[in-house]
Amino acid sequence: MASGLSLRAVVVGATGATGQCLVGELLKAKTFEKVVVIGRRKMLVPEMYGLDQEALEKSNRFEQHIVNFDELNEENGKAHFEGADVFFCCLGTTKAIASRLPGDWKENFRKVDYHLVVNLSRYAKSAGVKHVSVVSSMGANESSMFFYLRSKGESDRDVVACEFDRASIYRPGSLCRYGTSGLAHFVTQFIGLRTEKLAQAMRAESENFALDSSKFNKVEYLASSHIYALISADEAKAGPVAEAQGSDAAASAESSVTTNNQVEAKTEEPAAGAAASEGETKTEETEKMSGEKTAIEETTEETPEAKEGEEETTEETPAAKTEETPEA
């Protein structure tokens, strides 16, 4: 990690697998002095991060803003982003969830995966946020014949159009969700990226940008190869900033972050060291699966009307178009 940072983050979609892990990553990193979650209900930080959530909330370092997304507009929506440096968006829903709501499931799906993502990004930009980091999908394309990938591509396009100083669009393949078990976990742990690792990459990349924004492109689409490179670079550093701040080790870590940014933006091969250290066998062949087949998509937030406790988990594969994937 990098030293000397006091970042403020807003996270939406924190009740899902990647969002939960991301909040844990941010709170564990001393580079983030404030983490705000905007959601329909409260979330719990995963136990694996070893954090005292109650103490963090009492100290006001961690805040949860419970909202009705239908009632947000540019004025009251912008207020949730005031003073933030980076907006992390891990929103998404599924056909299964969207189909249980009144009306056409496709419209319900777009209400979250397109309208809510884009509108919140606009509120963040209006509030002065410089960096947006969005979890999208491998194969997202506004011209796709598949509804899911087309919706994701259109969302990515319009988030980029908000003109943030930096837009990081994450397009991973299959994800091995934190806390899953059974057949889905058995399959995805061998071919997928673990959600806690995606969260690690998102946290590290936001720190890198804050350290030296001049080294970054305005827009970056981060495929799995880029994500693995971020993880590898982060794990190669001397250690957490919490242990290195004010020391020579911190200065060395900061130098490593800025230097390794070139690898993050340009590398085309997954970092072997990171894959080996975590037992992950993700390869470039996995990313080149035929057609526009999407992976088990990390999803994190229901529509505001969705029932309590119904957590979004996966998205249908575009090849099946209307068949929902098993929950992972």
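The rules behind each value
Residues numbered from 1 in each chain as written. Predicted model: local features only at pLDDT ≥ 70, side-chain atom pairs only at ≥ 80, totals over all residues. Heavy atoms only, no water. Salt bridge = Lys/Arg side-chain N within 4 Å of Asp/Glu carboxyl O. Helix = DSSP H or I, 4+ residues; strand = E, 2+ residues; numbered from the N terminus. Buried < 20%, exposed > 50% of the residue type's maximum accessible area, 1.4 Å probe, protein only. Pairing = 2+ DSSP bridges. Right-handed = clockwise from strand over helix to strand, strands pointing away. Phe/Tyr/Trp six-rings, centres within 6.5 Å; stacked < 30°, edge-to-face > 60°. Lys NZ or Arg CZ within 6 Å of the ring centre and 35° of its normal. Expected span 1.5 Å × (residues − 1).

**Considering the pattern of salt bridges**
No. 1: This model, assessed by the stated rule, comprises 19 salt bridges.
No. 2: The shortest N-O distance in the salt bridge between Glu142 and Arg157 comes to 3.0 Å. Here Glu142, found in the loop between strand E5 (131-135) and helix H6 (147-160), pairs with Arg157, found in helix H6; they are 15 residues apart in sequence, far enough to count as distant.
No. 3: Owing to a relative accessible area of 37%, Glu142 belongs among the partly exposed residues under this scheme.
No. 4: A salt bridge links Arg166 to Glu220, with the shortest nitrogen-to-oxygen separation between them at 3.5 Å. Taken together, the residues Arg166 in strand E6 (residues 166-171) and Glu220 in strand E9 (residues 219-223) connect sequence positions 54 residues apart.
No. 5: Taking the relative accessible area as the measure of exposure, Glu220 reaches 10% and is therefore buried.
No. 6: Through salt bridges with shared partners, a single network forms among Glu25, Arg203, Glu207, Asp234 and Lys237.

**Some remarks on unusual backbone geometry**
A negative phi angle is the norm for most residues apart from glycine, just as the trans form is the norm for most peptide bonds.
No. 1: The backbone of Asn60 sits at a positive phi, close to 70°, despite the residue not being glycine.
No. 2: If you trace the backbone, Asn60 turns up in the loop between helix H2 (53-58) and strand E3 (62-66).

**A closer look at the pairing of E6**
Along any regular strand, the residues point their side chains to alternate faces of the sheet.
No. 1: When you tally the buried positions in E6, you get six out of six residues, the bulk of the element.
No. 2: Burial along E6 is two-sided: Arg166, Ser168 and Tyr170 facing one way and Ala167, Ile169 and Arg171 facing the other are all buried.
No. 3: As defined by bridge partners, E5 adjoins E6 across five bridges and the pair is classed as parallel. Pairing of Ser133 across the sheet is with Ser168, part of E6.
No. 4: Between E5 and its parallel partner E6, the chain crosses via H6, and the hand of that crossover is right-handed.

**A look at the packing of aromatic side chains**
No. 1: Enumeration according to the criterion identifies seven aromatic pairs in this entry.
No. 2: For the pair Phe32 and Phe88, a centre-to-centre distance of 6.5 Å together with 55° between the ring planes defines the contact as tilted. Note that Phe32 is positioned in strand E2 (residues 32-39) and Phe88 in strand E4 (residues 86-89), a separation of 56 residues in sequence.
No. 3: Relative to Phe109, the ring of Trp105 lies with its centre 6.4 Å away and its plane at 75°, an arrangement referred to as edge-to-face. One end of the pair is Trp105 and the other is Phe109, both in helix H5 (residues 105-126) and four residues apart, which spans about a single turn.
No. 4: Pairwise contacts between aromatic rings join Trp105, Phe109, Phe147 and Tyr148 into one cluster.
No. 5: Above the plane of the ring of Tyr114 lies Arg110, whose end atom (NZ or CZ) is 4.7 Å from the centre.

**Focus: helix H1 (residues 17-28)**
No. 1: For H1, spanning 12 residues, the distance from its first C-alpha to its last is 17 Å, which sits close to the expected 16 Å at 1.5 Å a residue.
No. 2: The element H1 is largely enclosed, with a buried count of 10 among its 12 residues.
No. 3: Considered for burial, the residues of H1 that qualify are Ala17, Thr18, Gly19, Cys21, Leu22, Val23, Gly24, Glu25, Leu26 and Leu27.

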